[in-house]
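Summary of structural features
Spelled out, the chains give:
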Amino acid sequence: MINKDMYTLGSKRSVIRELFEFGKKRIQEVGADKVYDFSLGNPNVPAPKKVNETITKIIREEDSTLIHGYTSAQGDAGTRKAIADSINQRFNAGVTENSIYMTCGAAASLCISLRALNEGADEFVIFAPYFPEYQVFIKSCGGVPVTVPFTEPDFQIDFDAFEKALSPKTKAVIINSPNNPCGVIYSEETIKKLTSLLQKYSLKYGKQIFIISDEPYRELVYDNTEVPYLMNYYDNTIVCYSYSKSLSLPGERIGYIAVSPKAESAGDIYAAVCGAGRALGYVCAPSLFQKVVKECLNEKPDIDAYRQNRDLLYNSLKEMGYNCVHPDGAFYLFVKALENDANKFADRAKEYGLLLVPGDDFAAPGYVRIAYCVSYDMIKRSMPAFKELIDSYNK
Ligand code: PLP
């Protein structure tokens, strides 16, 4: 027979994917100009020019067996060293190539880190609103997700609830800032409060509690907002990074794990990361793209394009009367639904061609997510639909 949990996961599409498929069908029925698909977090900004130039150069100039061959299980030593140097240049974190494990994107980074830490039904704290796959990743490594609600209207951490969520079984907390789905960045004050509570509870329970910092959106930040580098605030930190959004390479599956050298028993944690990578079959991340990112570590996404999208969407929807969370990073806008049930609201939005993701799976019922990594032109064309939608509630 088969594993029932895996069958359920594989046969039920996520709400986001469902909506995306609906959009494709709808385009065939009514035409692309009448469907405004804000469902997926697939960057519309192309990868920086240097990425394609580097791919071409590598393919032209390097030995093909090496380009497409295996690297070390944890990744090419030269790439890991270049990444470590770049982290140290930016954040002075003291990492070395032996702190870095190359992965197939943030999803793999998270699965490996969770597997490396979980000792059997350990608890992993996640902060709403969160990336829905956290539930899947934590449960599939045998852990138990514990959700902490957010504060309104600033979408920072509800610290009273956080303290109640900590227990002798807590193994780690997952932080995602800039955040998917709401675009909020945790302030330095929030990070300091969080880390001092973790220190207090690590002492109280006589154990290491880890921070897993899920950072695919680190480079997608507006108005020079600071994103605190967690290793500089808390020793027992594991960073899960990805180039999916920062270099617009989601389909190439490339990222890394960085274990803080200041973590207690950092070498053992790194060994457990290597072991978890092995156990999961996540060894030797794509070789060509390990080479590519090594040469493109200083490349930046075209943040102006996303900023223009954000400003148009946020300002226009606010003006129409929608209640929106101001995004300082990532490419998502979180909007309060105009009725209690965000699923019903999203269904009504569909009638106007607007594909918005209900917040329930992000643990934020009553909100919808708008992914604005789409063309500026589509956002502009969608404005009358948003106006008709709100008018339909005000009648
Ligand atoms: N974490 C968050 C918060 C995300 O939004 C995503 C993707 O959208 C991931 C992890 C997975 O990223 P990757 O495509 O690099 O595996």
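What comes next concerns the included structure. (Residues numbered from 1 in each chain as written. Predicted model: local features only at pLDDT ≥ 70, side-chain atom pairs only at ≥ 80, totals over all residues. Heavy atoms only, no water.)

Here's the deal with the site of the ligand
Test applied: One heavy atom within 4 Å of a molecule or strand makes the whole residue count as near it. Each polar contact in these results corresponds to two N or O atoms within 3.5 Å; when the atoms are within protein, one needs to be able to donate a hydrogen and the other to accept it, and residues that are neighboring in sequence are counted only if both atoms are side-chain atoms. Per-residue accessibility takes into account occlusion by the displayed protein chains alone, with areas from the Shrake-Rupley method and a 1.4 Å probe. Three residue categories are used. Nonpolar comprises Ala, Val, Leu, Ile, Met, Phe, Trp, Tyr, Cys and Pro, charged comprises Asp, Glu, Lys and Arg, and polar comprises the others, including Gly.
The ligand sits among 14 residues. The nearest are D214, Y217, S242, S244 and R253. Within the backbone of A106, a nitrogen or oxygen atom sits 2.9 Å from an oxygen atom of the ligand. At a separation of 2.6 Å, an oxygen atom of the ligand approaches a polar side-chain atom of S242. For the ligand, whose accessible area on its own is 390 Å², the fraction buried by protein is 91%. A class-by-class count of the residues in the shell around the ligand yields six nonpolar, five polar and three charged.

Some points on the sheet that holds strand 5 (residues 170–175)
Where we set the bar: A pair of strands is treated as paired once DSSP finds two or more bridges between them. Going along the chain from the N terminus, every DSSP run of H or I of four or more residues is numbered as a helix, and every run of E of two or more is numbered as a strand. Each axis is a line fitted through C-alpha atoms, taken for helices only over the stretch in contact, and angles between the N-to-C directions span 0 to 180 degrees. Two residues qualify as a contact provided that any one of their heavy atoms is within 4.5 Å of a heavy atom in the partner residue.
Judged by pairing direction, the sheet is mixed, and its seven strands sit side by side in the order 2-8-7-6-5-3-4 without closing on themselves. Both outer strands of the open sheet, strand 2 (100–103) and strand 4 (144–148), are each paired with one neighbouring strand and no more. Each adjacent strand pair in this sheet contributes to an overall mean axis angle of 20°, direction not counted. Relative to strand 4, strand 3 (residues 123–127) runs parallel, the two being bridged by five bridges. By the bridge assignment, F127 is partnered in strand 4 with V148. Docked against the sheet, helix 5 (residues 77–91) engages strand 2 and strand 8 (255–259), running at close to 115° with respect to strand 2. Each of strand 3, strand 5 and strand 6 (210–214) touches helix 9 (residues 188–205); the most contacted strand, strand 6, lies at about 150° to it.

Let's talk about the packing of helix 5 against helix 11 (residues 287–295)
Worth spelling out the cut-off: Left-handed is the label given to a crossing in which the near helix is rotated counterclockwise from the far helix by less than a right angle, and right-handed is the label when the rotation is clockwise.
Axis separation between helix 5 and helix 11 bottoms out at 9 Å; the angle between their running directions is 30°. Here the hand of the crossing between helix 5 and helix 11 comes out left-handed. Across the interface between the two elements, G78, T79 and A82 from helix 5 touch Q290, K291, V293 and K294 from helix 11. Per-class residue counts for the contact of helix 5 with helix 11 are two nonpolar, three polar and two charged.

Examining the packing of aromatic side chains
Our working rule: Pairing of aromatic rings covers Phe, Tyr and Trp, the last through its six-membered ring, and needs centres within 6.5 Å; plane angles under 30 degrees mean stacked, over 60 mean edge-to-face, and all others mean tilted. Buried residues are those whose accessible area, probed at 1.4 Å on protein chains only, stays under 20% of the maximum for their type, while exposed residues exceed 50% and partly exposed ones sit between those limits. A ring is scored as having a charge over it whenever the NZ atom of a lysine or the CZ atom of an arginine sits within 6 Å of its centre and within 35 degrees of its normal.
Tallied over the full model, the rule gives 23 aromatic pairs. Ring plane angle 85° and centroid distance 5.3 Å describe the contact between F155 and Y367, whose orientation is recorded as edge-to-face. Here F155 is found in the loop between strand 4 and helix 8 (159–165), whereas its partner Y367 is found in strand 13 (residues 367–371), with 212 residues between them in sequence. We note that F155, like Y367, is buried. Positioned above the aromatic ring of Y393, the side-chain terminus of R348 is 3.8 Å from the ring centre.

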